[in-house]
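So you can see what is in the structure, the chains are spelled out below.
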Amino acid sequence: MVDEFGSGLAVIGKRNPDYVADDIVKGEHVFAEDVMRAGKLYGRILGSKYAKAKITGINTAKAEALEGVKAVITYKEVSTWSDQMLCVDQEVAAVAAVDEDTAERALDLIEVTYNVEVPVIDPDEAMKPGAPNTGVFAGTNVTPTPSNITYGDVAKGFTEADVILEEETGYVARHTHNQIEGFISTAWWQGNDCYIWAGTQNPFGHKAALQAGLTASLKLANPPAGPQPLNKVHFYNHGTGGGFGNKGSSPMNLPCALLSRKAGKAVTLKTTRKIYTVVGVHQYAAKMKFKIGAKNDGTLTAVETTCWSDGGKNGGRSAFADIHKDTWKCANFKSDIWGIATNKGASGAWRCVGHPAAGVLSDLMLEKLAVRLKINPLELRRKIFLPSGAGNINQQNGQPYFSDGIRPCLEKAAELIGYSAKYHEAGTKTLPDGRLHGIGIHARADGHGGMSGARGIIINMCEDGTALFNIGGARNMGGPGGAGAVIAETIGLTYDQVRCGDWGNTDVCAEGGSQGGSTYTISNGAAAMVAANDVRRQLFIVAGSKATGMLQQWARPPEPPNPQPATPVPDPTDAQLDLLEAKEGKIFLKSDPTKSVTHAQVMAAISQPVIGRGVRWDPVLRKDVGGGAFKKGGPGVHKTGAACAVEVAVDPDTGHVEVLNYVNVLDFGRVMDRNAAEGQMVAGLQVEFNQMIYWEDVYDPITGVQMGYNHIHDRLCTSLDIPEDKNVIDMLETIDANGPYGCHGIAEPSVGKACVFLNAVNNAIGKWIIQTPTTPRTILRALGKG
Amino acid sequence: MAEVEKKDRKSGISRRDFIKGTGLAVGGVAISSTVLGVACKTTTPTPGANTTPPVSTNTTPVKPPPVTTVVKAPEGVVTLNVNGQKVVMEVKPEWSLAFVLREKLGLVALKVGCDRAECGACNILVDGKQHLACSMMAIESEGRTIVTLEGLASGPNLHPVQKLFLDNSTFQCGYCTPGMIISAVALLTKTPKPTLDQARLAVAGNLCYCGDYTRIVNTIVKGI
């Protein structure tokens, strides 16, 4: 890895300290549950006992009579709740009390009667003709039509193939979010104004959802009330204890607000670990039937896949179970993805929407093809990946990608782990200690690197020439820091001269969009650049004005005179403004940098506020600087290339897998905030290892109860599992054609390449494990020992 | 106070039975955070300007004060020694130390991530050793010397371990960081220059979902 990033830049790419670093190490970074209000109450949720049932009656009298209980609400009062239970622990009621223990005792006193129905837990059972209906779709448990992508002619493509592989995989495991911070909201009211703090990835999204929920729920109140205006919903966020795709919304905001309204006190509503695992979303379990055709030299002629995705109680499908279409060059492609409804918690984004599963399923095809063709897996990838440059296009619609670092990432990962020297055929290398050696490599290009969404940034210049900005997004890694770096670089201030005034505050910040889908740095960075250019222009006009005696380039005065002259003095042209530059706290003439002024001097010459306003559409450049995918299918998207490689040792007697070496490489376009970037990269090993080796939701097949809902059963790697000295990262910069300063989004590809572990384990044992998790038991069974 | 007994759904034993079995009684509730002198956050906080904090020059490990004879207080009333100050307060027997420290004394740095001793986010120092506050009862904590993250700094001066984490940007979301720092303090107080294995073991009980173990362990190895 290079020693320095941001070549030629003063702020971007450097190790800029996090704005809240001091707060964090002192424990003063505020999370939702830390918000204290006098007399605050504590809330708990009562979940359904049954996976499929209709509530026939509910009696809360005893709970309400318990000393210390201040409010009880039921599904009848919460517009987003229902009397139809579709999974165990689906919300039924909620209690607010003087302490957590009292709230939990009160839950036991709520009497609920159910009409219990037969649930369907297993997705294969759900798909069978005549299976009991899960209640998600009318008359079926499978989405009526598949999500389909087709281009070219797969039938023709298969006739051109020398080799055709056709197989069905097992399931890539479903697993749950299990962040240390669950869903937590703290709410209170002042009159008809609702105030709420919550962990979030989308403050404005939470606010809008809460407003809609309150409007609908207040109609159910006694007496009916509402509607709830949007300007009377005040949503705040500072700390979020891990989003990962689960906190784009929160099912706790609405019941928390309603409890608080009913009790007349602030309430912190916090999910227990058991409730959290259900009311959040789950990584889709998915399996695939594939047919892949190729020439003997590895050229792909046709790829046809059918994927079944367990959507839980929303029956959704993994929209990206076919990500290889963005990566593999193949003119003929057909993909059908079916969503299956089951009586379990809903499926949704988990560090991407289905990418980890998609990666496993895609790589199984590729690894098997490599063996069949007797081609080294690295060579096969080199052969089939989309080219860089002119050939780097979306094969479905022909539009170009702005960036794609998959090839340099692949080569770098191979180099760093020594892949070519260490590769061996599957099941052929035993280490001196008797363990089986395996090596795996994986690379992909992710079209998530710059998605859309409204973003706005506001900058206030202070009288001393420093700057404050507000950003409407939550503090996910890379957000405020990346925007701050863009602002400092563009205005020409040092990083320390720019501070984040507030974030996640929907009262004072502009719309911040979603901090998901790897969009934060690029989309908010784009808005930041527009806002900063707005400020830069205002400052330059003054700095170059002859009237100020500073850089003396044009006649236009700092501010319009009063009265205006008959012929107003024109603004300086873009060409004139380009005579100036700003860097490291100074504004100067490009032709003679010794002629300079400070931002403070410029501000002293201005009597009106200097405010920068930025949204993604740049009015000066007349283009969307935030990603190109302003509308879906727009003129090109950003694509983030990533690769990883891992060496493992598998104990054939215990099935235990040890990571010997791991390499994670990613193309950032441009590294914006080095500390944040490294944090994303080092996380890859742990996240991917967890997914492949440990994580699997286990359900009682009869009752639908989720058996593991804590950090013991849903095992999370500890520091003892991660070989820090073997966790090697590299960050490449291919300079994106459109993103601010050349960056694009990176969060998902940095951690979503878990299939590399399966590739390595299969290489070690010489058998095909075609499902996850790859637990010791799975490995031993594959070796014929279990 | 009306008492309502409700059996735990799983074990058939109520928490109240368990506490009674250990000889403690039900008490009332009182809050005396002002005795502690700790500012409780009662209004919506806003982020302040971030300035580089001064560094504490005190690197001498702080020894806990000697344990004194505990005089049994009236039932439900405990005297807690928290961050060098005595707090006299009434607690309910079912309140965990984590709940009391956070919700009654405003010491919100520790987080209750799991409430079952799995995640380490509620890590504090008790008599100089790490303990999980979610699994200690407040009413049993009398006579113990309790130090939370808030008690590490000396006025405006960060503890050397806090400064170590700050200087090395050793956090991501920050939720597990208080517990991590406490674990690091416990190690580095005794072993200022630990090995990689010692650092790894020291935080083995602290879960980090963001996956920052590599940076955390490599930072701790730098020592103080």
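All values derive from a computational prediction rather than experimental measurement.

Colleague: Go over the overall build of chain A, please, and point to the residues and values.
Modeller: Helix and strand counts for chain A come out as 20 helices and 30 strands. In terms of overall dimensions, chain A has C-alpha extents of about 85 × 75 × 50 Å along its principal axes. Expressed as a percentage of the 786 residues in chain A, the buried residues total 62%. A separation of at least 24 residues holds for 79% of the contacts in chain A among residues at least 6 apart in sequence. Of the roughly 27000 Å² of accessible surface on chain A, a fraction of 52% belongs to carbon and sulfur atoms. Here chain A holds 76 positive side-chain charges and 83 negative ones, and the gap between their average locations is 3 Å.

Colleague: Explain the sheet that holds strand β23 (residues 586–589) of chain A to me, and be specific about the residues and the numbers.
Modeller: Residue and element names in this part refer to chain A. What the 3 strands build is an open sheet, ordered β22-β23-β24; its pairing is antiparallel. Edge positions in the open sheet fall to β22 (580–583) and β24 (592–598), since each of these has one partner strand only. Averaged over all adjacent pairs, the angle separating strand axes in this sheet is 35 degrees, with direction ignored. Note: β23 against β24, 4 bridges, orientation antiparallel. Looking at β24, one finds that phenylalanine 588 is bridged to serine 596. The sheet contacts of helix α14 (residues 520–543) involve β22, β23 and β24, and relative to β22 the element is tilted by about 120 degrees.

Colleague: Describe the environment of aspartate 101 of chain A, with residues and values.
Modeller: Tracing the chain through its elements places aspartate 101 of chain A in helix α3 (residues 100–109). Through-space distance from the C-alpha of aspartate 101 of chain A to that of tyrosine 42 of chain A is 9.0 Å; in sequence the pair is 59 residues apart.

Colleague: Can you tell me about the side chain of threonine 169 of chain A, naming the residues and giving the values?
Modeller: Residues and elements named next belong to chain A. When you line up the elements, threonine 169 lands in the loop between β8 (163–168) and β9 (175–176). A relative accessible area of 7% means that threonine 169 is categorised as buried. In contact with threonine 169, other than residues within four places in its own chain, are Lys287, Met288, Phe290, Leu361, Leu364 and Ile770.

Colleague: Before we move on, can you summarise the nonpolar core with the specific residues and values?
Modeller: Taken as a class, soluble globular proteins show a tendency for nonpolar side chains to be buried jointly. Residue and element names in this part refer to chain A. Counting 178 residues, the largest nonpolar core has Ile459, Phe469 and Ile587 as its most contacted members. Per-element tally for this core: the top contributor is α14, with 13 residues. Once residues lying within four places of it in the same chain are set aside, the contact partners of isoleucine 587 are Leu539, Phe540, Ala543, Leu551, Leu580, Glu581, Ala582, Lys595, Ser596, Val597, His599 and Val602. Within the second largest apolar cluster, 50 residues are counted, among which are Val72, Ala97, Cys194 and Leu214.

Colleague: Could you give an account of the pattern of salt bridges, with specific residues and numbers?
Modeller: A complete count under the given rule lists 55 salt bridges over all chains for this structure. Note that lysine 383 of chain A and aspartate 297 of chain A form a salt bridge whose closest N and O atoms lie 3.4 Å from each other. Here the residue lysine 383 of chain A occupies a position in helix α10 (residues 377–384), and aspartate 297 of chain A occupies one in the loop between β15 (285–294) and β16 (300–312), the gap between them amounting to 86 residues. Overall, the relative accessible area of 40% leaves lysine 383 of chain A in the partly exposed class. When its relative accessible area of 43% is taken as the criterion, aspartate 297 of chain A is described as partly exposed. With its nearest N and O atoms 2.9 Å apart, the salt bridge here joins aspartate 336 of chain A to lysine 334 of chain A. Its relative accessible area of 25% is what places lysine 334 of chain A among the partly exposed residues. Here the salt bridges do not stand alone but share partners, grouping Glu33, Asp34, Lys40 and Lys270 of chain A together with Arg102, Glu103 and Lys111 of chain B into one network.

Colleague: Which residues make up the interface of chain A and chain B, and what values do they have?
Modeller: The parts lose accessible area when they come together, and the size of an interface is often stated as this lost area. Contacts between the two partners involve 74 residues from chain A and, on the opposite side, 64 residues from chain B. Taken together, the two surfaces of chain A and chain B that pack against each other cover about 6100 Å², and 57% of this comes from carbon and sulfur. Between the two partners, chain A and chain B, sit 8 salt bridges. The salt bridge partner of aspartate 725 of chain A is arginine 200 of chain B, with a shortest N-O separation of 3.8 Å. Counting residues per element, the ones that place at least two in the side of chain A that touches chain B are α1 (21–26), α3, β10 (184–190), β21 (498–503) and α17 (674–694) of chain A. In terms of residue class, the side of chain A that touches chain B is built from 30 nonpolar, 21 polar and 23 charged.

Colleague: Quick rundown of the packing of α17 of chain A against helix α7 (residues 213–222) of chain B? Include the residues and the values.
Modeller: As a packed pair, α17 of chain A and α7 of chain B sit with axes 8 Å apart at the nearest point and diverge in direction by 110 degrees. Taken together, the axis directions place α17 of chain A and α7 of chain B in an arrangement best described as roughly perpendicular. Two secondary-structure elements touch here, α17 of chain A through Asn675, Glu678, Gly679, Val682 and Gln686 of chain A and α7 of chain B through Tyr213, Thr214 and Arg215 of chain B. Its residues assigned to classes, the contact of α17 of chain A with α7 of chain B shows 2 nonpolar, 4 polar and 2 charged.

Colleague: Talk me through the packing of aromatic side chains; I want residue IDs and the actual numbers.
Modeller: The final tally for this structure, using the stated rule, is 20 aromatic pairs over all chains. For the pair tyrosine 19 of chain A and tyrosine 495 of chain A, a centre-to-centre distance of 5.3 Å together with 10 degrees between the ring planes defines the contact as stacked. Residue tyrosine 19 of chain A is located in the segment before α1, and its partner tyrosine 495 of chain A is located in the loop between α13 (479–491) and β21; the two are separated by 476 residues in the primary sequence. The pair tyrosine 19 of chain A / tyrosine 495 of chain A is uniform in exposure class, with both members buried. The interplanar angle of 80 degrees and the centroid separation of 5.3 Å between the aromatic rings of phenylalanine 244 of chain A and tyrosine 209 of chain B together place this pair among those described as edge-to-face. With phenylalanine 244 of chain A in the loop between β12 (233–236) and α7 (253–263) and tyrosine 209 of chain B in the loop between α6 (196–202) and α7, this residue pair bridges two chains. The pair phenylalanine 244 of chain A / tyrosine 209 of chain B is uniform in exposure class, with both members buried. Put simply, the rings of Trp188, Tyr195, Trp197 and Tyr236 of chain A pair up and form one aromatic cluster. In this structure, lysine 291 of chain A packs its charged tip against the face of phenylalanine 158 of chain A, placed 4.4 Å from the ring centre.

Cut-off values and rules
Residues numbered from 1 in each chain as written. Chains lettered and ligands numbered in written order. Predicted model: local features only at pLDDT ≥ 70, side-chain atom pairs only at ≥ 80, totals over all residues. Heavy atoms only, no water. Helix = DSSP H or I, 4+ residues; strand = E, 2+ residues; numbered from the N terminus. Buried < 20%, exposed > 50% of the residue type's maximum accessible area, 1.4 Å probe, protein only. Contact = heavy atoms within 4.5 Å. Areas by Shrake-Rupley, 256 points an atom, 1.4 Å probe, with all protein chains shown as cover. Lys, Arg positive; Asp, Glu negative; His and termini not counted. Charge placed at Lys NZ, Arg CZ, Asp CG, Glu CD. Pairing = 2+ DSSP bridges. Axes fitted to C-alpha atoms, helices over the stretch in contact; angles between N-to-C directions. Core = buried A, V, L, I, M, F, W, Y, C linked by side-chain atoms within 4.5 Å. Salt bridge = Lys/Arg side-chain N within 4 Å of Asp/Glu carboxyl O. Buried area = accessible area lost by both parts, 1.4 Å probe. Nonpolar A, V, L, I, M, F, W, Y, C, P; charged D, E, K, R; others polar. Parallel < 35°, antiparallel > 145°, perpendicular 65-115°, else oblique. Phe/Tyr/Trp six-rings, centres within 6.5 Å; stacked < 30°, edge-to-face > 60°. Lys NZ or Arg CZ within 6 Å of the ring centre and 35° of its normal.

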